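Chain residues, written in single-letter form:
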Amino acid sequence: MAETGQYDVAVIGAGIAGSALAASLSGRGMRIALVEAMPLAEEELPAGIGLEYFDARVSALTPRSRRLLEDLDAWRSIAGYRQLPYRHMTVWDAEGTGQIEFDCSEVDAPALGYIVENRAIVKALLSRVQGAPDIALYNPARLAACDGGDDRPVQIGLEGGESLQADLLVAADGALSRVREMAGFETREWDYGHRAIVASVELEHSHRETAWQRFLPSGPLAFLPLPGDGQRHYCSIVWSLREELVDDLLALEEAAFCRELEQAIEGRLGGIFGSSPRFAFPLRQRHAVDYVQPGIALVADAAHTIHPLAGQGINLGLQDVAVLAEEILAGRERGTSPGELALLRRYQRRRKGENLLMMAAMDGFKRLFEQQALPLRWLRNVGMRGVDQIAPLKQQLIRHAMGLG
Ligand SMILES: Cc1cc2nc3c(=O)[nH]c(=O)nc-3n(C[C@H](O)[C@H](O)[C@H](O)COP(=O)(O)OP(=O)(O)OC[C@H]3O[C@@H](n4cnc5c(N)ncnc54)[C@H](O)[C@@H]3O)c2cc1C
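This structure is a prediction, so every number in the text was calculated from the model and none was measured.

Draft legend 1. Main features of the overall build of the protein chain. Along the backbone of the protein chain there are 11 helices and 20 strands. Considering the protein chain as a whole, with its 405 residues, one finds that 45% of them fall into the buried category. Summarising the internal contacts of the protein chain: among those between residues at least 6 apart in sequence, 75% fall at separations of at least 24.

Right, here's the structure in full:
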């Protein structure tokens, strides 16, 4: 199969979305190619607990995403490594008294979500596809060109000269998707003027299985709970900040950075004793006008990127993957090619609305919390206190954020 270079589906990118799609399609009588530019790590993930061991990129997975990973038989391996259920969420406003608390008991669930290091998700999914007889893994291999799709297979060229053919080419190659660009997909995008600093930090007090989020005028700051060892307590932070503030914070010595962070979170978790190296990611909202063309589909970050303030990015991406896989497999039962436009349009119809809604909500939140005008600050605080006291409304919000609403 790999010698002929002919596939039913070729997936570009073996991040969370691409490897989940390959795993979803495996074992169904199709030939699948999975192409990943970065060399895939062979070694075991580090077992130690501590700042030097955590992956700086973590995801807050919803229960719905967990179910999908269970269906793909990847959750067992994630849980066998490490994940942390968070049962509570505290959100508050830096500029007033507004605070809102969410607890999983309010919706009779064991957890609001699960914090998992990204590399653990990818590793678990890849272990499902590596060695599968119906999946040819091209790695390291970078997409260099793609062409076609109208009633003929897509021609895919890799750097180094290798070429493949597929009935369907799926772009799971992330926010800066080359497939999207090469195939001329139009996008709507705007800069938030924010970058996000991510790092793991050690705390004086336990995080109490709580995700903490404070809205500052400069941007939202999240502390996501990580596993500890009983004596030591850790969180992963996502600190979204106006562009002009980021470089100074990155340049600080570790101790000075920890002091700034402690102040920004109002010392709610006590002292901050240390930080891993810090990384910064530009934040840009981007949404492809169409997710599909004949023979080509965009999924996850290739189709949409969203502000990380509600940690929904990969959760939306995994739902894209689930729906696209469902449509491809249903099409296969009918004898329809996976690249057929009508089939792909069904995928787009089923996903675009939900993705747009979540993107609009996150954008609205971000803008509302940036406002300094007194009436808006008042409204924010009253609104937060109000929502906190209305049980049915809160339950609805929680269920929606958990991917269950
Ligand atoms: C700071 C920050 C915090 C976040 N926190 C959360 C969170 O808590 N919860 C959540 O749900 N989401 C979160 N997100 C979003 C989440 O990280 C992304 O939605 C998710 O990683 C996207 O996965 P993906 O598989 O689509 O893309 P990626 O993870 O970007 O994977 C794309 C893959 O394609 C490969 N590739 C790229 N180009 C090529 C090419 N030409 N040829 C071959 N391979 C290629 C890349 O090497 C990569 O492996 C966060 C994002 C940021 C920036």
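Draft legend 2. Looking closely at the nonpolar core. The biggest cluster of nonpolar side chains holds 113 residues, and the ones touching the most others in it are Val11, Leu21 and Val299. With sequence-adjacent residues up to four places away left out, Val299 is seen in contact with Ala17, Leu21, Val170, Ala171, Ala172, Gly317, Asp320, Val321 and Leu324.

Draft legend 3. Up close: the site of the ligand. The full set close to the ligand counts 32 residues, and Gly13, Gly15, Gly174, Gly311 and Gly313 are the nearest of them. Breaking the shell around the ligand down by element, the ones donating at least two residues are α1 (16-25), β3 (58-61), β12 (187-203) and α8 (313-334). The element best represented in the shell around the ligand is α8, accounting for 4 residues.

Draft legend 4. How the structure looks around the packing of α1 against helix α4 (residues 118-129). Interaxial distance between α1 and α4 falls to 9 Å at its minimum, and their mutual angle equals 25 degrees. Comparing the axis directions of α1 and α4 gives the class roughly parallel. For the pair α1 and α4, the sense of crossing is left-handed. Across from Ile16, Ser19, Ala20, Ala22 and Ala23 in α1, the residues of α4 making contact are Asn118, Ile121, Val122, Leu125, Leu126, Arg128 and Val129. For the contact of α1 with α4, the residue count by class is 9 nonpolar, 2 polar and 1 charged.

Draft legend 5. Structural view of the environment of Leu241. Mapped onto the fold, Leu241 is located in strand β15 (residues 233-242). In sequence terms Leu241 and Gly193 are 48 residues apart; their C-alpha atoms lie 8.2 Å from each other. Contact partners of Leu241, with chain neighbours within four places excluded, come to His194, Arg195, Ile197, Ser218, Gly219 and Val246.

Draft legend 6. Seen up close, unusual backbone geometry. A cis amide bond links Asn139 to the next residue, Pro140, at an omega of -10 degrees. Summarising the element assignment, Pro140 is placed in the loop between β8 (135-138) and β9 (143-147). For Asp73, which is not glycine, the phi dihedral falls at a positive 60 degrees. Its place among the elements puts Asp73 in the loop between α2 (63-71) and α3 (75-81).

Draft legend 7. Quick peek at the environment of Pro140. The class of Pro140 is partly exposed, set by 13 C-beta atoms lying within 10 Å. Linking Pro140 and Met38, residues 102 residues apart in sequence, is a C-alpha distance of 5.5 Å. Each residue touching Pro140, except ones within four places of it in the same chain, is listed here: Glu36, Ala37, Met38 and Pro39.

Conventions adopted
- Residues numbered from 1 in each chain as written.
- Predicted model: local features only at pLDDT ≥ 70, side-chain atom pairs only at ≥ 80, totals over all residues.
- Helix = DSSP H or I, 4+ residues; strand = E, 2+ residues; numbered from the N terminus.
- Buried ≥ 20, exposed ≤ 12 C-beta atoms within 10 Å, placed from the backbone.
- Contact = placed C-beta atoms within 7 Å.
- Core = buried A, V, L, I, M, F, W, Y, C linked by C-beta atoms within 7 Å.
- Near = placed C-beta within 6 Å.
- Axes fitted to C-alpha atoms, helices over the stretch in contact; angles between N-to-C directions.
- Parallel < 35°, antiparallel > 145°, perpendicular 65-115°, else oblique.
- Left-handed = near helix turned anticlockwise from the far one by under 90°.
- Nonpolar A, V, L, I, M, F, W, Y, C, P; charged D, E, K, R; others polar.

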